[in-house]
Amino acid sequence: MMVDKRRPRPSGQAGQDGPAEVRLYGFQPPVGTPYGLEVSTVEDFFAEHDDWPWNPPRPGRATFHYLIAVTEGELRHDVDHLTRTVGPGQWLWVRPGHTQCWHPPGAARGTFILFEPDVLRPDIARLLAPLTAHEAPAVLSPHPDDAVWLQQTALQLLDEHRALGRRPLDVHHALRRSLLESLLLRLANAPGIISADTSAGTSRGDTYGRFADALELHFRELHRAADYADLLGCSVRTLSRAAREATGKGVRELIDERRLLEARRLLGNARWDARSVAAHLGFTDPANFGRFFRDRTGLTPAAFAARDATRR
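Note that the structure is a prediction, hence the values are computed from the model and not measured.

In this structure, what is going on with the pairing of strand 7 (residues 82-86)? I would like to understand it.
Where a strand is regular, its side chains alternate between the two sheet faces. Across five bridges, the pairing between strand 6 (residues 75-79) and strand 7 is antiparallel. Note that in strand 7 the partner of arginine 76 across the bridge is threonine 85.

So, in structure tokens, the structure goes:
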């Protein structure tokens, strides 16, 4: 289902006495499962992995989407260091690059869908951009009028996934992808799920969209526009133009904003110390991290953490 894609730990990164290492997992479905899509149930997933990754709980990130429809009980799950509680009729969506941590499953039941971004056809991916974006809500609460249809479609997808060998492989995959896309489109357009103004998401362009995905996976170790241009196979100028057109901001500014967001989360809800955060985000010197954080927030990391603690 998943394969560990960690790089060797950089010199100076938090070790056994520091915060838990955040591992990066790639998609690796069971043998015989075609393409980058796997469908199971919450109960089967936990039964097959009773000693991982929640015993003991460990943070991790993935290169693919987790989409869980809860039909019974409650599922508790940490997404970007915040504990979310998902009840019957709600959906949990953990997007590529999100830091997540599992809790014991309890009595939670429901459909569990894992898929890689490139499973979606490009035209469908553009329509779904507001919902697949990193900043979209982690917990989705569809209107009751849509909830039944969504659950039924999820069950149809599960049934088709389990029907491997019943039909030709290309037909089997086409059906799985069609059901997944129908499910996501209905979910994206359920009342109250996302803002009606989707222009920002649909106009990002392929280059910026690929950069945004790459940034979520690599902002800890890649910090220059040239790094991302090389990764995407384009020039820095092309990447910079795409970022400006989509957001009005430069590539370096977007990289710094993402690092700063992660620093806020770790210093606040996760309660990491400044030295550990600096190492986690690729700063070679904690003092450099301190200046980076203070210049953008007006507070030292310690002052920010203390202020955040008083608000809890």
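Resuming the write-up.
So what exactly am I meant to see when it comes to the pattern of salt bridges here?
For side chains of opposite charge, pairing can occur when their charged atoms come near one another. Counted under the stated rule, the structure contains 13 salt bridges. Residues aspartate 159 and arginine 166 are paired through a salt bridge, measuring 3.9 Å at the closest nitrogen-oxygen approach. Arginine 252 serves as the salt-bridge partner of aspartate 256, at 3.2 Å between the closest nitrogen and oxygen. Of this pair, aspartate 256 and arginine 252 both sit in helix 10 (residues 251-267), separated by four residues, roughly a single helical turn. Looking at aspartate 256, the relative accessible area reads 9%, which means it is buried. Connected through salt bridges with shared partners, the residues Glu216, Arg220, Arg258 and Glu262 form a single ionic network.

What exactly am I supposed to notice about the nonpolar core here?
Across soluble globular proteins, you tend to see nonpolar side chains buried next to one another. Grouped together as the largest cluster of nonpolar side chains are 29 residues, with contacts concentrated most on Phe211, Tyr228, Val277 and Phe289. When contributions to this core are tallied by element, the ones reaching two or more residues are helix 7 (206-218), helix 8 (225-232), helix 9 (236-247), helix 10, helix 11 (274-280) and helix 12 (286-297). Among the elements that line this core, the one with the most residues is helix 10, at seven residues. Once you skip the residues sitting within four places of it in the chain, tyrosine 228 turns out to touch Phe211, Ala214, Leu215, His218, Phe219, Leu222, His223, Leu239 and Ile255. Residues Leu37, Leu67, Ala69 and Ile113 belong to the second largest nonpolar core, which totals 26 residues.

For this particular structure, what's the right way to read the pairing of strand 5 (residues 65-72)?
Most of strand 5 sits out of view: six of its eight residues are buried. Pairing of strand 5 with strand 10 (residues 109-115) involves seven bridges; the strand directions are antiparallel. Bridge assignment links valine 70 to a residue of strand 10, and that residue is glycine 110. For strand 5 and strand 8 (residues 91-94), the ladder comprises four bridges, and the chain directions are antiparallel. What sits directly across from isoleucine 68, in strand 8, is leucine 92.

Please clarify how the packing of helix 7 against helix 10 should be interpreted in this entry.
The description of two packed helices rests on the angle between their axes and on the distance between the axes. Contact geometry for helix 7 and helix 10: axes closest at 11 Å, N-to-C directions at 35°. Read as a crossing pair, helix 7 and helix 10 show a hand that is right-handed. For the pair helix 7 and helix 10, contact is made by Tyr208, Phe211, Leu215 and Glu216 and by Val251, Leu254, Ile255 and Arg258, respectively. When grouped by side-chain class, the residues that make up the contact of helix 7 with helix 10 number six nonpolar, no polar and two charged.

Rules used in this analysis
- Residues numbered from 1 in each chain as written.
- Predicted model: local features only at pLDDT ≥ 70, side-chain atom pairs only at ≥ 80, totals over all residues.
- Heavy atoms only, no water.
- Pairing = 2+ DSSP bridges.
- Helix = DSSP H or I, 4+ residues; strand = E, 2+ residues; numbered from the N terminus.
- Salt bridge = Lys/Arg side-chain N within 4 Å of Asp/Glu carboxyl O.
- Buried < 20%, exposed > 50% of the residue type's maximum accessible area, 1.4 Å probe, protein only.
- Core = buried A, V, L, I, M, F, W, Y, C linked by side-chain atoms within 4.5 Å.
- Contact = heavy atoms within 4.5 Å.
- Axes fitted to C-alpha atoms, helices over the stretch in contact; angles between N-to-C directions.
- Left-handed = near helix turned anticlockwise from the far one by under 90°.
- Nonpolar A, V, L, I, M, F, W, Y, C, P; charged D, E, K, R; others polar.

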